[in-house]
Amino acid sequence: MTANLRSYDQLFIGGRWRQPSTSERIAVISPHSEQPIAHVPSAGPADVDAAVAAARDAFDNGPWPRLSPQDRMQKVEALASIYGRHIDEMADLITAQMGSPRSFSRLGQAAGAASMIHLALATARDFPWVERRRGVLGEAQLHRTPVGVVGAIVPWNVPQCLIMPKLIPALIAGCTVVIKPAPETPLDALWLAEMIEKIELPEGVVSVIPGGPDVGEALVRHPGVDKIAFTGSSATGRRIAALCGEQLKRVSLELGGKSAAIVLDDADITKTVTGLKTAGLMNNGQACVAQTRILVSQRRHDELVEALADMMSTLAVGDPSDERTDIGPLVAQRQQQRVQDYIRSGQQQGARVVVGGADSPAPRGWYVRPTLFTDAENGMRIAREEIFGPVLTVLTYADEDDAIRIANDSDYGLAGSVWTADTAHGLEIAARVRTGTYGINMYMLDISTPFGGFKHSGIGREFGPEGLDEYVELQSVACNGKLPPLPR
């Protein structure tokens, strides 16, 4: 077992490794071999209390929120330097835990997370921490002050890329943070804790406490937490929003998606299918932004379906550590069974499988065949619910207005795309689709621009100044007289 796959016996609470309060252990299972690869402690209620108490004391009484943003950024820069030396190892660790193909783990997981640190730092350098504004009563000062103790709850699909847009802006803003990673992927978060330990933050500033839903709920309910930042399912997001609402606790939610890729009649089908290979099937389809509803006119339908079928039938399904693999295993047996149930549901409701199917492609490992449906209706479960696996559904539209109607006929509004030879027209289509992010002739997350959703896809934004705004409160200061000049 390599060093970064080692088991852990302690929790990272308030910047120190401590014995857990319970003997409960989490087994980290390889989705390829179905065998345990490591064990970590599961936090209990007392560990949540200890982590929040440490964060609360560090925020209320410690130096961290009282440092200048520039001083805090120096610590984050030191973390970026350490992190940047371990991109490949972090990628391999994530692949081992949750089955992301090695090629995607390199760029879309570890290197992406490293870029997020640098982009957050660049945003913070230009951020208006203190600004002056002319008010009715005279000159006023606006001061952006940290929101407080942050509970960051992240899922397993791109774990580091979901920790970073919470942890890094929160730290730069002066918050203290308790991270709760998913039980499927605790190792990358605990290794990140080892890196954080090296930059010698003040005591109490960061904790990492793995655990299941009970640990997440304890963190959300805890009166010592000022804000929850959550990425995960819309069902869990509703629960968190309700609990935060009861407490008037700040909350940001990045939830599910069921994104529509609108293929216009003037699209280049070959280029479109090449783009959809990534946009629809990235990370084994385990991506909230995946373009899983493919909308096409009757005129181009057969051509597109044939090209998609050719692409999907040649995908290499297998060991995610192999550089040649396109589709690895899903994270857990329950996820494999869930996706296979959706495939059976699509067939039962009358959609036609062109490629793939519900039978497992391998005797071992939680694999699902890349599956393409056509003859589907937007009211079917496969077109309405987030499947989170390598399943694409082709839907037919009558005209552009119908395509936009179908795209918007969803509980979700996280992502989407349009494929066309006319970029200007693509912008017009984008403006009519109710979704937080959009792509023209591509879909990839631009981590320098705000990311988040409409409707059931969430509340708030990550990345850019809008992402940093989520971790500050605005204080307005008025003065009976003239304010002194701002320090340079």
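Residues numbered from 1 in each chain as written. Predicted model: local features only at pLDDT ≥ 70, side-chain atom pairs only at ≥ 80, totals over all residues. Heavy atoms only, no water.

For the protein chain, an unreviewed UniProt entry supplies the name aldehyde dehydrogenase (NAD(+)) and the organism Mycobacterium asiaticum. What the UniProt record of the protein chain gives under Catalytic activity (unreviewed entry) is the line "an aldehyde + NAD(+) + H2O = a carboxylate + NADH + 2 H(+)". UniProt's Sequence similarities (unreviewed entry) comment on the protein chain is quoted here verbatim: "Belongs to the aldehyde dehydrogenase family." (UniProt positions renumbered as here; feature names shortened; annotations may be inferred.)

## Some thoughts on the UniProt feature "domain: Aldehyde dehydrogenase" (unreviewed entry) in the protein chain
On the UniProt side, "domain: Aldehyde dehydrogenase" (unreviewed entry) is annotated at positions that read residues 17-477 here. End-to-end, the C-alpha atoms of residues 17-477 are 41 Å apart, and along that stretch the chain is 42% helix and 20% strand. (Helix = DSSP H or I, 4+ residues; strand = E, 2+ residues; numbered from the N terminus.)

## Let's talk about the domain arrangement of the protein chain
Many structure descriptions define interface size as the accessible area lost when the parts assemble. As far as domains go, the protein chain holds domain 1 (11-255 + 457-478) and domain 2 (260-440). If you average the C-alpha positions of domain 1 and of domain 2, the two centres end up 31 Å apart. With 25 residues of domain 1 at the contact, the number on the domain 2 side is 28 residues. For the pair domain 1 and domain 2, the summed buried surface comes to about 2200 Å²; carbon and sulfur atoms form 54% of the total. Summed over the three residues of domain 1 that lose the most area to domain 2, namely His-32, Trp-156 and Ser-457, the buried surface amounts to 27% of that side. In this structure, the connection of domain 1 to domain 2 is made through two salt bridges. If you look at where domain 1 meets domain 2, you find eleven residue pairs in polar contact (both at pLDDT 80 or more). When residues of the side of domain 1 that touches domain 2 are traced back to their parent elements, those giving at least two are α3 (87-98) and α4 (102-125). For the side of domain 1 that touches domain 2, the leading source of residues is α4, giving five residues. Taken together, the residues that form the side of domain 1 that touches domain 2 break down as eight nonpolar, eleven polar and six charged. (Domains from an automatic or database assignment. Contact = heavy atoms within 4.5 Å. Buried area = accessible area lost by both parts, 1.4 Å probe. Salt bridge = Lys/Arg side-chain N within 4 Å of Asp/Glu carboxyl O. Polar contact = N/O pair within 3.5 Å; in protein donor to acceptor, adjacent residues only side chain to side chain. Nonpolar A, V, L, I, M, F, W, Y, C, P; charged D, E, K, R; others polar.)

## Points about the sheet that holds strand β12 (residues 259-263)
One open sheet holds the seven strands; their spatial order is β14-β15-β16-β13-β12-β18-β19, and the pairing between them is mixed. Only two strands of the sheet have a single partner each, and these edge strands are β14 (352-355) and β19 (439-440). As paired elements, β12 and strand β13 (residues 291-297) share five bridges and run parallel to each other. From the neighbouring strand, Ser-259 faces β13, where its bridge partner is Gln-291. (Pairing = 2+ DSSP bridges.)

## Looking at the pairing of strand β11 (residues 250-254)
Bridging between strand β10 (residues 227-231) and β11 involves five bridges; their strand directions are parallel. The residue bridging Ile-228 from the neighbouring strand is Val-251, located in β11. Where the polypeptide runs from β10 across helix α8 (residues 234-247) and back to β11, its parallel neighbour, the crossover connection is right-handed. Relative to strand β21 (residues 458-459), β11 runs antiparallel, the two being bridged by two bridges. (Right-handed = clockwise from strand over helix to strand, strands pointing away.)

## Details of the UniProt feature "active site" (unreviewed entry) in the protein chain
Feature annotation in UniProt assigns "active site" (unreviewed entry) to the following positions: Glu-254. Tracing the backbone through its elements, the reader meets Glu-254 in strand β11. Non-local contacts of Glu-254, meaning those with residues more than four positions away in its chain, are made with Leu-162, Phe-230, Thr-231, Gly-232, Cys-288, Leu-414, Phe-451 and Ser-457.

## Things to note about helix α14 (residues 423-432)
Within α14, burial applies to His-425, Gly-426, Ile-429 and Ala-430. Projected down its long axis, α14 carries its buried residues within an arc of 150°, all on one side. Residues of α14 that are exposed and angled more than 90 degrees away from the buried face: Ala-424, Leu-427 and Ala-431. The N-cap of α14, judged by a side-chain oxygen 3.2 Å from the amide nitrogen of Ala-424 a few residues on, is Asp-422. (Buried < 20%, exposed > 50% of the residue type's maximum accessible area, 1.4 Å probe, protein only. Arc of directions from axis to C-beta.)

## So, the side chain of Thr-185
Considering the arrangement of structural elements, one finds Thr-185 in the loop between β8 (176-180) and α6 (187-198). Not counting the four nearest positions on each side in its chain, Thr-185 is found in contact with Gln-97, Met-98, Pro-155, Trp-156 and Pro-159.

## So, the pattern of salt bridges
By the definition in use, this model includes 29 salt bridges. Where Arg-102 meets Glu-323, a salt bridge forms, and the shortest distance between an N and an O atom there is 3.7 Å. In this pair, Arg-102 is assigned in helix α4 and Glu-323 in the loop between α10 (298-313) and α11 (333-348), connecting sequence segments 221 residues apart. What makes Glu-323 partly exposed here is its relative accessible area of 46%. Between Asp-322 and Arg-324 there is a salt bridge, with its nearest N and O atoms 2.9 Å apart. The exposure class of Asp-322 is partly exposed, given its relative accessible area of 25%. In this structure Arg-324 comes out as exposed when scored by relative accessible area, which is 67%. Here the salt bridges share partners, and the residues they tie into one network are Asp-88, Asp-92, Arg-102, Arg-106 and Glu-323.

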